[in-house]
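Chain by chain, the residues run as shown.
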Amino acid sequence: MSEYDTQAQVTEAQQAALRLANVDEETRNGALQSIADAIRDSEAAILEANAKDVEEAEEMLAQGEYTQALVDRLKLDSGKLESIAEMVESVAEQDDPLGETLEARQLDDDLELYKVAVPIGVVGTIFESRPDALVQIAALSLKSGNSVILKGGSEASESNRILYETIVQATAEAIDAMPEGWAQLIEAHEEVDRLLEMDDKVDLLMPRGSSEFVSYIQDNTQIPVLGHTEGICHVYVDEAADLEMAEDIAFDAKVQYPAVCNAVETLLVSEAVAEQYLPGMVERYEDAGVTLRGDEQTREVVDVDPATEADWDTEYGDLELSIKVVGDVYEAVEHVNTHGSKHTESIVTEDGDAAETFMTGIDAASVFHNASTRFADGYRYGLGAEVGISTGKIHARGPVGLAGLTTYKYYLEGDGQLVATYAGDDAKPFTHVDFDGQWTPGQLSER
């Protein structure tokens, strides 16, 4: 595509965002249901397109250009498509994030200030290898009243194209009130560089992919970026842990789906239980094909390869795991805060004080007690779906759902008041009284 075409797409999305912000919830939900229905109806065509991507990806895997984890994320099947359709429906079932009054304050009689949730505007998303991410982000953007610019990886180009066409056609045919251009697909790499320069038109970028990829986005744009660069997650088995539970949790956190960012990469074990816990845990991992590395104390208990300092800072994204024995919960907290990526951490313990120390001491978006790190997910959190995980602390943190795609405006309802009345020697004082209330247009004049 030409530079003009990319500019035109983003401009069209910007114009559509202004109209989409005023589309009512019933219409937006109807559009989402149309998308879910269309995905089910187009199953054969979607799987055929995906098969082309997978075939090419497997060739690249054989040449050593792609990883197995990438190929696994790329694959779609009937069950996954049904899950995608159900995800879209679950987004429609979420409460409307728009128009909610977050705060209401009386400044004076008949002078009322409302802080109201509104869409962000134009959201750009750049993601790799997972075609289901396209549908997730489009659905959440639509529900939250945002236009969306979608850029997937070239390895999923056939899948992304048909999913995008299915979404756009479904909303255009079924819902007359949907503004044309609310979703845009860009495909060429050079279009990404142009997109990164459009800070006057794009309000938020959400990259999903490798740490190198996300860092590149962050380093090459002035547009606010919401995302995370790495998912180096830990499970800490405390001296007061139920060891059977700890084994199940640590296994699930690594093996259930190792290619995702909330899978555990380092297992920390209290030295008080290392000899009792590690042999069975290591045997279970090895039976599942997990490659293990351990520090010196770990290797005194079990026969695994030596871990290097680099292992503590590595996101494997595969059936690989490093193990470290620590003295106590405080050493575990220190290790996590030094080597973690502020994504998701978990402690297994029956000691409430130890759990509190770990959970309050860890600097991460999600911290769990007696649960697998794999629960760090927008759908599992009840957000309907997620546009990604944010490890930053501004605007949105952790799995980002509908609320993370909104900002707010201040609406002031008055009855002819002037600032001069509240200034000078005879200034009238403000009342500044908070109250429960929802903003509706012109409500003062209707009283």
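Residue numbering note: each chain is counted from 1, following its sequence as written. The model is predicted, so local features are restricted to residues of pLDDT at least 70 and side-chain atom pairs to those at 80 or more, both for listing and for counting; the totals for chains, interfaces and linings are taken over all residues. Note: side-chain values were computed over all heavy atoms of the structure, leaving out hydrogens and water.

If you look the chain up in an unreviewed UniProt entry, it shows as Gamma-glutamyl phosphate reductase from Halapricum hydrolyticum. UniProt positions are given in the numbering used here, feature names are shortened, and annotations may be inferred rather than shown by experiment. A UniProt comment under Catalytic activity (unreviewed entry) is attached to the chain, and it reads "L-glutamate 5-semialdehyde + phosphate + NADP(+) = L-glutamyl 5-phosphate + NADPH + H(+)". The Function (unreviewed entry) field of the UniProt record for the chain holds the comment "Catalyzes the NADPH-dependent reduction of L-glutamate 5-phosphate into L-glutamate 5-semialdehyde and phosphate. The product spontaneously undergoes cyclization to form 1-pyrroline-5-carboxylate."

Moving on: the nonpolar core. Of all hydrophobic cores here, the largest spans 50 residues; its most connected members are Ile39, Val88, Leu134, Val135 and Trp182. Secondary structure elements follow DSSP: runs of H or I no shorter than four residues count as helices, runs of E no shorter than two count as strands, and numbering proceeds from the N terminus. It is helix H6 (residues 131-143) that provides the largest number of residues to this core, a total of eight residues. In this description, contact between two residues means that some pair of their heavy atoms is separated by no more than 4.5 Å. Setting aside residues up to four positions removed in sequence, Trp182 forms contacts with Ala16, Leu20, Ala138, Leu142, Asn146, Ser147, Val148, Ile167 and Thr171. For our purposes a nonpolar core is just a set of buried Ala, Val, Leu, Ile, Met, Phe, Trp, Tyr and Cys residues, chained together by side-chain atoms within 4.5 Å. Relative accessibility thresholds used throughout: buried, under 20% of the residue-type maximum; exposed, over 50%; partly exposed, between the two (1.4 Å probe, protein chains only). With 28 residues, the next largest nonpolar core counts Phe251, Val264, Val269 and Leu321 among its residues.

A separate point is the environment of Gly227. Secondary-structure assignment places Gly227 in the loop between helix H9 (211-219) and strand E7 (233-237). Spatially, the C-alpha atoms of Gly227 and Val400 are 9.1 Å apart, while their sequence positions differ by 173 residues. Sequence-distant contacts of Gly227, defined by excluding residues within four places in its chain, comprise Ile389, Ser390, Thr391 and Gly392.

Tracing the chain through its elements places Ser144 in the loop between H6 and strand E4 (147-151). Look at Ser144 and you get buried, because its relative accessible area is 0%.

The next point concerns the sheet that holds E4. Where strands meet in a sheet, backbone hydrogen bonds hold them as pairs that are either parallel or antiparallel. By this definition, two strands are paired if DSSP reports at least two bridges between them. Across the sheet, which stays open at both edges, the four strands sit in the order E5-E4-E3-E6 with parallel pairing between neighbours. Single-partner strands in this sheet number two, and they are strand E5 (183-185) and strand E6 (204-208). The average angle at which neighbouring strand axes cross in this sheet is 15°, direction not considered. With five bridges joining them, strand E3 (residues 122-127) and E6 adopt parallel strand pairing. Bridge assignment links Gly124 to a residue of E6, and that residue is Leu205. In this analysis an axis means a line fitted to C-alpha atoms, helices contributing only their contacting stretch, and an angle means the value between N-to-C directions, from 0 to 180 degrees. Set on the sheet, H6 makes contact with E3, E4, E5 and E6; between it and E4 the angle comes to about 170°. H9 contacts E3 and E6 of the sheet and is inclined by roughly 160° relative to E6.

Time to look at a nonpolar patch on the surface. A cluster of nonpolar side chains, Leu102, Tyr408 and Tyr410, forms an exposed patch at the surface whose accessible area comes to about 320 Å². If you trace the backbone, Tyr408 turns up in strand E16 (residues 406-413). For Tyr408, a relative accessible area of 41% corresponds to the partly exposed category. Without a salt bridge and with relative accessible area above 30%, a residue can belong to a patch; like charges are then joined within 9 Å and nonpolar side chains (Val, Leu, Ile, Met, Phe, Trp, Tyr) within 5 Å. Residue exposure ignores everything except the shown protein chains as possible cover, and the areas themselves are Shrake-Rupley values with a 1.4 Å probe. Here, a salt bridge means any Lys or Arg side-chain nitrogen found within 4 Å of an Asp or Glu carboxyl oxygen.

Looking now at unusual backbone geometry. Although it is not a glycine, Lys342 sits at a positive phi angle of roughly 65°. Looking at the element boundaries, Lys342 is found in the loop between helix H13 (329-339) and strand E12 (344-348). Classification of Lys342 by relative accessible area gives partly exposed; the value is 36%. With phi around 50°, His432 is a residue other than glycine that occupies positive phi space. Structurally, His432 can be placed in the loop between E16 and strand E17 (433-434).

The strand order across the open sheet formed by seven strands is E10-E9-E11-E8-E7-E12-E13, and the pairing between neighbours is parallel. Each of the sheet's edge strands pairs with one partner strand only, and the pair in question is strand E10 (305-306) and strand E13 (366-369). In this sheet, strand E11 (residues 320-326) lies alongside strand E9 (residues 291-294) in parallel orientation, the contact comprising four bridges. The residue of E11 that forms the bridge with Leu292 is Leu321. Its contacts with the sheet place helix H11 (residues 274-287) against E7, strand E8 (264-270), E9 and E11, and it is angled at close to 155° to E8.

Take the pairing of E6 next. Of all the five residues making up E6, five are buried; the element is thus mostly covered by neighbouring parts of the structure. Of the two faces of E6, the one carrying Leu204, Met206 and Arg208 and the one carrying Leu205 and Pro207 are both buried.

With that out of the way, let us pick up H6. The span expected for a helix works out to 1.5 Å for each residue beyond the first. Its 13 residues place the ends of H6 19 Å apart at the C-alpha level, agreeing with the 18 Å of an ideal helix rising 1.5 Å per residue. Of all 13 residues in H6, 13 are buried; the element is thus mostly enclosed. Gly145, located one to two residues past H6, shows a positive phi value of around 75°.

This paragraph deals with the packing of aromatic side chains. Two rings from Phe, Tyr or Trp (for Trp, the six-membered ring) form a pair when their centres are within 6.5 Å of each other. A pair whose planes differ by under 30 degrees is stacked, one over 60 is edge-to-face, and the rest are tilted. Here the structure, examined in full by the defined rule, presents six aromatic pairs. Ring plane angle 80° and centroid distance 5.7 Å describe the contact between Tyr408 and Tyr410, whose orientation is recorded as edge-to-face. For the ring pair Tyr422 and Phe430, a centre distance of 4.6 Å and an interplane angle of 10° mean the geometry is stacked. Residue Phe430 is classed as partly exposed on the basis of its relative accessible area, which comes to 40%. The criterion for a charge sitting over a ring is simple: Lys NZ or Arg CZ within 6 Å of the ring centre, and within 35 degrees of the ring normal. Stacked on the ring of Tyr408, the Lys or Arg Lys115 has its end atom at 4.2 Å from the ring centre. Sitting over the ring of Phe251, Arg284 keeps its end group 4.3 Å from the ring centre.

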